[in-house]
Amino acid sequence: MLVTDHPMPICGDDYPLTVKQRALMTLVHRLGRESFAPRATQLDRDAQFPFANYADMRRAGLLGLCVPESHGGHGADYATYALVSAEIGRYCGATALTFNMHVCTTLWSGLLSEDLDMSDEQRASHQSCQHLHFDRVIREGAIYAQPFSEGGAAAAGAAPFGTTAVRAEGGWRISGKKIFASLSDAADYFGVLCTERKPDTQLSRRDTLYLAVPRHAPGLTVEGTWDPLGMRATVSRNLVFQDVFVPDEAALMPQGLYFQAATRWPHMFMTLSPTYMGIAQAAYDFTVAYLRGEIAGTGPVKRRQFATKQIAVAEMFIKLEQTRNLFLRAIEDARVDPSKSTRLRAYAAQYTIMENAQDLARLAIRTCGGQSMLKSLPLERLYRDARCGSLMLPWTAELCMDRIGREALYEPGETDA
Ligand SMILES: Cc1cc2nc3c(=O)[nH]c(=O)nc-3n(C[C@H](O)[C@H](O)[C@H](O)COP(=O)(O)OP(=O)(O)OC[C@H]3O[C@@H](n4cnc5c(N)ncnc54)[C@H](O)[C@@H]3O)c2cc1C
């Protein structure tokens, strides 16, 4: 079921897209409308991974969206990724959210890592690892996942990861457990965040390692069921690592670099929000089309003539524009070592997108009415998917508020003691 016939891109029709961005947006707009949207209902109902959507994206070269052009990818920057992801989210939230995990693995270990301080030796070894990972994506169509959640304080950035790696001949041995690993049924490699366990030393966030574990590595098990409220097609089951060996080239970043990235490139944690920007847009698109009597299988009564509906749509439009403008500003801001205003704006953008996506889905159902929430229509899925956004660590809605409050009131190093 197509939600809308309006072809306007997620950024609005007057946003100054580059030539590359326009071409990519046109491509994903077509894929989303013609292929992802019609498949979304069934995938959601069955909690099945969108393999067909990934086959389409693989064929279209989108798995290499953020792989540098020198390695055969599109070389998309942060803002381009965010725009493309939001456009996908408009048609299938679970595809966009899992696409985030894959593409951002290549973004973090590619473009983002170029901004970090590395020794010559680290840069040389990173380049050879990059070559291996990017080659897998471009030549083999490999999919990477990003499991970091463990159910403790680590994913919030408040403690070292409890999944650990010990040095072994030519590589690392990994043990531990990850929860909510999106793409658990589909990824060829899991980009695992874990802490180096050093003899006689406490675990430290500075010793975080970022290692790609092949899905069939001995000692790795995918376990548990997956039957959640929303984002059902992400299939985010648990991963258990029992002394899993990976060679040195499994590194997605050199030792110590993840900690530097997390400290200096905060927008790396805002990359889940484009999915929900897309859902917010979809809830609005649906409402307009529904009130105009244009949703197939409903009507033929139009409801747009009632003043209450017009006011409700105006309220939704204002909320959508507030959200979109913060989104567009924040994705243009993304850079290494941002200023305090830029960093706080990123938290505010993430908070606004996640909270407003839910609110727009709520307003859409209230405005359109009872028939609009039937399972035969996409709105109730948008409502359930939207609910998940503000729960995503490390920047949950609560933690964004926490950070804004603290960082607005305290300069680095300040205490009240
Ligand atoms: C659909 C979906 C897909 C997901 N996919 C992935 C994935 O691919 N990879 C991945 O790593 N994770 C993924 N996650 C997990 C997600 O990022 C969170 O880790 C998870 O939702 C946290 O659930 P929890 O109950 O363990 O949260 P808890 O850690 O129990 O936290 C509950 C709430 O308490 C607050 N809180 C937590 N820690 C602190 C703290 N130190 N200080 C103050 N407040 C705090 C936060 O607001 C948080 O929302 C996914 C989640 C969903 C819903």
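On a predicted model such as this, the values are computed, not experimentally measured, just so you know.

Right, let's get into the overall build of the protein chain. A count of helical and extended segments in the protein chain gives 11 helices and 8 strands. Here the C-alpha atoms of the protein chain give a radius of gyration of 21 Å, agreeing with the 22 Å that 2.2 N^0.38 yields for 417 residues. Taken along the three principal axes of its C-alpha coordinates, the protein chain extends 70 × 50 × 40 Å. For the protein chain, with 417 residues in total, the buried portion stands at 48%. Contacts spanning at least 24 positions in sequence make up 76% of the contacts within the protein chain whose residues lie at least 6 apart.

Ranked by internal contacts, the top residues of the largest apolar core, which has 126 residues, are Ile 174, Leu 211, Val 213, Ala 280, Ala 283 and Leu 360. Looking at which element gives the most residues to this core, the answer is helix α9 (residues 340-368), with 12 residues. Sequence-distant contacts of Ala 283, defined by excluding residues within four places in its chain, comprise Leu 360, Ala 361, Ala 364, Leu 379 and Leu 382.

Near the ligand there are 24 residues, and of these Ser 149, Phe 180, Ser 182, Met 231 and Glu 398 occur at the shortest range. Counting only elements with at least two residues in the shell around the ligand, the list comes to β3 (171-181) and α11 (397-409). When residues of the shell around the ligand are assigned to domains, at least three fall in each of domain 2 (145-260) and domain 3 (262-409).

With that settled, the discussion passes to the confidence of the model for the protein chain. When pLDDT is averaged along the protein chain, the result is 96; 98% of the residues meet or exceed 70. Note that residues 1-6 has pLDDT below 50 and, in this model, 19 contacts with residues that lie over four places away or in other chains.

This brings us to unusual backbone geometry. Backbone torsion omega between Leu 393 and Pro 394 reads 5°, so that peptide bond is classified as cis. For Pro 394, the location among the structural elements is in the loop between α10 (379-388) and α11. You will see that Asp 243, though not glycine, has its phi angle at about 55°, which is positive.

Attention now goes to the domain arrangement of the protein chain. Examined at the domain level, the protein chain breaks down into domain 1 (19-142), domain 2 (145-260) and domain 3 (262-409). Look at where the C-alpha atoms of domain 2 and domain 3 centre, and you get two points 30 Å apart. Listed as interface residues are 10 residues of domain 2 and, on the opposing side, 10 residues of domain 3. Looking at the side of domain 2 that touches domain 3 residue by residue, the class counts come to 6 nonpolar, 4 polar and no charged.

Attention shifts here to the environment of Val 288. Within the secondary structure, Val 288 sits in helix α7 (residues 273-291). Residue class for Val 288 comes out partly exposed when judged on the 17 C-beta atoms lying within 10 Å of it. Taking the C-alpha atoms as reference points, Val 288 and Phe 317, 29 residues apart in sequence, are found 10.0 Å from one another.

Looking at the element boundaries, Ile 279 is found in helix α7. Residues Ile 279 and Asn 356, spaced 77 residues apart in sequence, show a C-alpha to C-alpha distance of 9.9 Å.

To continue, consider helix α8 (residues 307-333). Taking 1.5 Å as the rise per residue, α8 with 27 residues should run 39 Å; its terminal C-alpha atoms sit 39 Å apart, in good agreement. Listing the buried residues of α8 in full gives Met 316, Leu 320, Thr 323, Arg 324, Leu 326, Phe 327, Leu 328, Ala 330, Ile 331 and Asp 333. Where α8 is buried, its residues contact α3 (78-89), α7 and α9.

A separate point is helix α6 (residues 257-264). Residues that lie three or four places apart on an α-helix share one face, since the helix turns once every 3.6 residues. For α6, every residue scored as buried is listed here: Leu 257, Tyr 258 and Ala 261. Viewed along the axis of α6, the buried residues span an arc of 100°, placing them on a single side of the element. Each element contacted by the buried residues of α6 is listed here: α4 (93-112), β4 (189-196), β5 (208-214) and β8 (251-253).

Here is what the cut-offs are and how they apply
Residues numbered from 1 in each chain as written. Predicted model: local features only at pLDDT ≥ 70, side-chain atom pairs only at ≥ 80, totals over all residues. Helix = DSSP H or I, 4+ residues; strand = E, 2+ residues; numbered from the N terminus. Rg over C-alpha atoms; globule rule 2.2 N^0.38 Å. Buried ≥ 20, exposed ≤ 12 C-beta atoms within 10 Å, placed from the backbone. Contact = placed C-beta atoms within 7 Å. Core = buried A, V, L, I, M, F, W, Y, C linked by C-beta atoms within 7 Å. Near = placed C-beta within 6 Å. Domains from an automatic or database assignment. pLDDT = per-residue confidence, 0-100. Nonpolar A, V, L, I, M, F, W, Y, C, P; charged D, E, K, R; others polar. Expected span 1.5 Å × (residues − 1). Arc of directions from axis to C-beta.

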